[in-house]
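In case you want the letters, here they are:
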Amino acid sequence: GQGKKPKNPNYYPLEVGNTWRYSLTKGKESMDATASITKIDTLDGIALARLEVTFGNTIGPTEHWRQTSDGVFRYRMNGMDISPPICLLKYPLKADAKWEGDITVGIEKGKYSCETKEESIEVAAVKYKAIRVKVRIESQGKVDHTTFWFAPEVGVIRQTIEGDVPIQMDLTKFEHAKKK
């Protein structure tokens, strides 16, 4: 061994220009979705990656994300602050980790819990060793279940949302911003 501490793989590369293309299935409908980091916004002195999503021709939600040595955090969603930011991936990474916390989204108070598993999955004919994060958010007596699969150096390769109409997004292509 080199005696050097391995750096965490980057499970969500948040450079401006990075673009993820997905095929999205919602119930029986299918469409293309694109997520891209359009700029870095500074909110309360913190630099956050602005993630803009489009579904087919519809502009979807804007989210603000940040990755630190503690993990991957979502700070805002649909223009609403999440306070404290929700941790969707905790570093150092451990398979079978669990964590939870209280959050306020806009003015709604809630609780969330996450649990992780290592999983090999194939998305668009590419095999990934991914970390699956099941997120449960409870707010106003309603419970939402969203699952993310993060792959090193790529980001979110699959996302599912359970609900009346289940949604699944699978990565078809990750375009890394041109290295200048």
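Before reading on, note that the structure itself is shown above.
Criteria and thresholds
- Residues numbered from 1 in each chain as written.
- Predicted model: local features only at pLDDT ≥ 70, side-chain atom pairs only at ≥ 80, totals over all residues.
- Heavy atoms only, no water.
- Pairing = 2+ DSSP bridges.
- Helix = DSSP H or I, 4+ residues; strand = E, 2+ residues; numbered from the N terminus.
- Axes fitted to C-alpha atoms, helices over the stretch in contact; angles between N-to-C directions.
- Buried < 20%, exposed > 50% of the residue type's maximum accessible area, 1.4 Å probe, protein only.
- Polar contact = N/O pair within 3.5 Å; in protein donor to acceptor, adjacent residues only side chain to side chain.
- Contact = heavy atoms within 4.5 Å.
- Phe/Tyr/Trp six-rings, centres within 6.5 Å; stacked < 30°, edge-to-face > 60°.
- Lys NZ or Arg CZ within 6 Å of the ring centre and 35° of its normal.

1. Topic: the sheet that holds strand S8 (residues 108-123)
Logical step 1: Here 12 strands make up a closed barrel; going around it, the order is S1-S2-S3-S4-S5-S6-S7-S8-S9-S10-S11-S12 and the pairing antiparallel. Averaged over all adjacent pairs, the angle separating strand axes in this sheet is 25°, with direction ignored.
Logical step 2: Across two bridges, the pairing between strand S6 (residues 80-90) and strand S7 (residues 98-105) is antiparallel. Directly across from Ser-83, in S7, lies its bridge partner Thr-104.

2. A few points about the pairing of S7
Logical step 1: Pairing between S7 and S8: eight bridges, direction antiparallel. The residue bridging Asp-102 from the neighbouring strand is Lys-111, located in S8.
Logical step 2: Linkage of S7 to S8, two consecutive antiparallel strands, is achieved through a turn of two residues, within which Gly-106 is found at a positive phi near 65°.

3. Some points on the side chain of Thr-116
Logical step 1: Along the chain, the position of Thr-116 falls in strand S8.
Logical step 2: Among the residues examined, Thr-116 registers a relative accessible area of 6% and is labelled buried.
Logical step 3: A polar atom in the side chain of Thr-116 sits 3.1 Å from the backbone oxygen of Lys-94.
Logical step 4: Within the structure, the side chain of Thr-116 is placed 2.9 Å from the backbone nitrogen of Ala-97, a separation counted as a polar contact.
Logical step 5: Aside from chain neighbours lying at most four places away, what touches Thr-116 is Lys-94, Ala-95, Asp-96, Ala-97, Trp-99, Ile-131, Arg-132 and Val-133.

4. Observations regarding the packing of aromatic side chains
Logical step 1: Inspection of the entire model under this criterion finds six aromatic pairs.
Logical step 2: Between Tyr-12 and Trp-20, the ring centres sit 5.4 Å apart and the planes meet at 65°, which makes this aromatic pair edge-to-face.
Logical step 3: Under the relative-accessibility criterion, Tyr-12 is labelled buried at 3%.
Logical step 4: Seen in terms of ring centroids, Trp-65 and Phe-148 are 6.3 Å apart; in terms of plane orientation they differ by 85°. Their pairing is edge-to-face. Here the residue Trp-65 occupies a position in strand S4 (residues 58-68), and Phe-148 occupies one in strand S10 (residues 142-151), the gap between them amounting to 83 residues.
Logical step 5: By relative accessible area, which is 3% here, Phe-148 ends up buried.
Logical step 6: Linked through ring pairs, Tyr-12, Trp-20, Trp-65, Phe-148, Phe-150 and Phe-174 together constitute an aromatic cluster.
Logical step 7: A cation sits over an aromatic face here: Arg-158 above Trp-149, 5.7 Å from the ring centre.

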